[in-house]
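Below are the chains, spelled out letter by letter.
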Amino acid sequence: MRLRPSSWCGCAGAVLWVATMAWGQAIKPDAAALHRADAAFHAGYADMQAGNHAAAQAQFAEVVKLAPQIAEGHEALGAALLALNRAAEAVAELEKAARLKPGDGGIEANLAIAQFRAGEGDKALAHFEEALRITPALNDPAFFDAYARALAAAGRREDAVKEFAAEEQITGPSAAIDDAIGTVYAQMQRWDAARDAY
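Criteria and cut-off values
- Residues numbered from 1 in each chain as written.
- Predicted model: local features only at pLDDT ≥ 70, side-chain atom pairs only at ≥ 80, totals over all residues.
- Heavy atoms only, no water.
- Helix = DSSP H or I, 4+ residues; strand = E, 2+ residues; numbered from the N terminus.
- Buried < 20%, exposed > 50% of the residue type's maximum accessible area, 1.4 Å probe, protein only.
- Contact = heavy atoms within 4.5 Å.
- Areas by Shrake-Rupley, 256 points an atom, 1.4 Å probe, with all protein chains shown as cover.
- Core = buried A, V, L, I, M, F, W, Y, C linked by side-chain atoms within 4.5 Å.
- Expected span 1.5 Å × (residues − 1).
- Polar contact = N/O pair within 3.5 Å; in protein donor to acceptor, adjacent residues only side chain to side chain.
- Salt bridge = Lys/Arg side-chain N within 4 Å of Asp/Glu carboxyl O.
- Axes fitted to C-alpha atoms, helices over the stretch in contact; angles between N-to-C directions.
- Parallel < 35°, antiparallel > 145°, perpendicular 65-115°, else oblique.
- Left-handed = near helix turned anticlockwise from the far one by under 90°.
- Nonpolar A, V, L, I, M, F, W, Y, C, P; charged D, E, K, R; others polar.
- Phe/Tyr/Trp six-rings, centres within 6.5 Å; stacked < 30°, edge-to-face > 60°.

Account for the overall build of the chain, with residues named and values stated.
Within the chain, the regular secondary structure consists of 11 helices and 0 strands. Across the chain, helices and strands are ordered from the amino to the carboxyl terminus as α-α-α-α-α-α-α-α-α-α-α. Among the 198 residues that make up the chain, the fraction classed as buried is 47%. Taking the contacts inside the chain whose residues are at least 6 apart along the sequence as the reference set, 50% of them involve residues at least 24 apart. Surface summary for the chain: the accessible area is close to 9500 Å², and the carbon and sulfur share equals 53%.

Following this line, the structure appears as structure tokens:
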């Protein structure tokens, strides 16, 4: 699981500054705790980039513990949990991130995928659509694959075929995607289209 392009991916060092701004002057943040959160965030980001999702999850859990009002910490923890196939736990963290930072396309995309993988396809559809509304140039095949499967499960098969096609535009020709398209056409009893897709 890749981390979605969102505000925190490219600027991991901003956590300390964002934390200070988020808590404002009413609450004096513990500078040592923020420093530890920032270090844990950097370490988790490096672990995630290296594919060490379990270590990243542990680091991001520490970030959330030390700086719970920072959406990026919850988003990162959710992405790590999703990479570990712990979708239900990822949903909880990504919902926290979405509450803390509404309108973020990366959070919406991760939340949609997590909800779909957790068996909440109907709830996921709204987040897939919101992610595309916010970030129309999404370029992640995993996003489009999950979106297409959620649409197919909801009976929106024509839309599912379009999203599988969008996935294939990113990946190039793929037997797995063509099989998925053929299956959707077969469910629609469009036998010629199904045969052509297979």
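There is more to say after this.
Quick rundown of the environment of E108? Include the residues and the values.
Along the chain, the position of E108 falls in helix α6 (residues 105-117). The class of E108 is buried, set by a relative accessible area of 9%. Taking C-alpha positions, E108 is 8.9 Å from E95, a pair spaced 13 residues apart along the chain. Setting aside anything within four residues of it in sequence, one finds E108 in contact with A98, H127, E130, A131 and I134.

Could you give an account of the nonpolar core, naming the residues involved and the relevant values?
Ranked by size, the top nonpolar core spans 52 residues in total, and within it F60, F128, F143, Y147, F164, I181 and Y185 carry the most contacts. Aside from chain neighbours lying at most four places away, what touches F143 is A109, I113, F128, A131, L132 and L138.

Outline helix α2 (residues 31-49), listing residues and values.
Helical periodicity: at 3.6 residues per turn, an α-helix aligns residues three or four positions apart in one direction. Taking 1.5 Å per residue as the helical rise, α2 with its 19 residues ought to reach 27 Å, and the 27 Å between its terminal C-alpha atoms agrees with that figure. By the burial criterion, the buried members of α2 are A33, L34, A37, D38, A40, F41, G44 and M48. Its side-chain oxygen 3.1 Å from the backbone nitrogen of A32, D30 forms the N-cap of α2. Just downstream of α2 lies G51, where phi reads positive at about 85°.

Please give an account of the pattern of salt bridges that cites residues and values.
Summed over the entire model, instances satisfying the criterion amount to 11 salt bridges. Put simply, E72 and K101 hold a salt bridge, and the shortest N to O gap is 2.9 Å. In this pair, E72 sits in helix α4 (residues 71-83) while K101 sits in the loop between α5 (87-100) and α6, placing the two residues 29 residues apart along the sequence. Among the ionic contacts, a cluster of salt bridges with common partners joins E72, K101 and D104.

Summarise α4; cite the residues concerned and give the values.
Compared with an ideal rise of 1.5 Å per residue, which puts 13 residues at 18 Å, α4 spans 18 Å between its outermost C-alpha atoms and is within 8% of the ideal. Within α4, 13 of the 13 residues are buried, which leaves it mostly tucked inside the rest of the structure. Two residues or fewer after α4 comes N85, characterised by a positive phi angle close to 60°.

Pulling in residues and values, what's your account of the packing of α6 against helix α7 (residues 121-134)?
Relative to each other, α6 and α7 sit at 155°, their axes nearing to 8 Å. Between α6 and α7, the angle falls in the class roughly antiparallel. As for how α6 packs across α7, the hand of that crossing is left-handed. Packed against α6, whose contacting residues are G105, E108, A109, L111, A112, I113, Q115 and F116, the element α7 presents G121, K123, A124, H127, F128, E130, A131 and I134 at the interface. Within the contact of α6 with α7, the residues separate by chemical class into 9 nonpolar, 4 polar and 3 charged.

Describe the environment of E72, listing the residues and the values that go with them.
Overall, the relative accessible area of 11% leaves E72 in the buried class. In the structure, E72 is positioned 29 residues away from K101 in sequence and 8.5 Å away in space, judged by C-alpha atoms.

Please set out the packing of aromatic side chains residue by residue, giving values where relevant.
This structure, assessed with the given rule, holds 5 aromatic pairs. Look at F128 and Y147: their rings are 4.9 Å apart centre to centre, the planes differ by 20°, and that puts the pair in the stacked class. In this pair, F128 is assigned in helix α7 and Y147 in helix α8 (residues 141-153), connecting sequence segments 19 residues apart. By relative accessible area, F128 is classed as buried at 0%. Plain terms: the ring middles of F143 and Y147 are 6.1 Å apart, the flat faces sit at 45° to each other, and that makes the pair tilted. Residue F143 and its partner Y147 are both found in helix α8; the two are separated by 4 residues, about one turn of the helix. The buried category is assigned to F143, whose relative accessible area is 0%. Among the aromatic residues, ring-to-ring pairing joins F128, F143, F144 and Y147 into one connected group.

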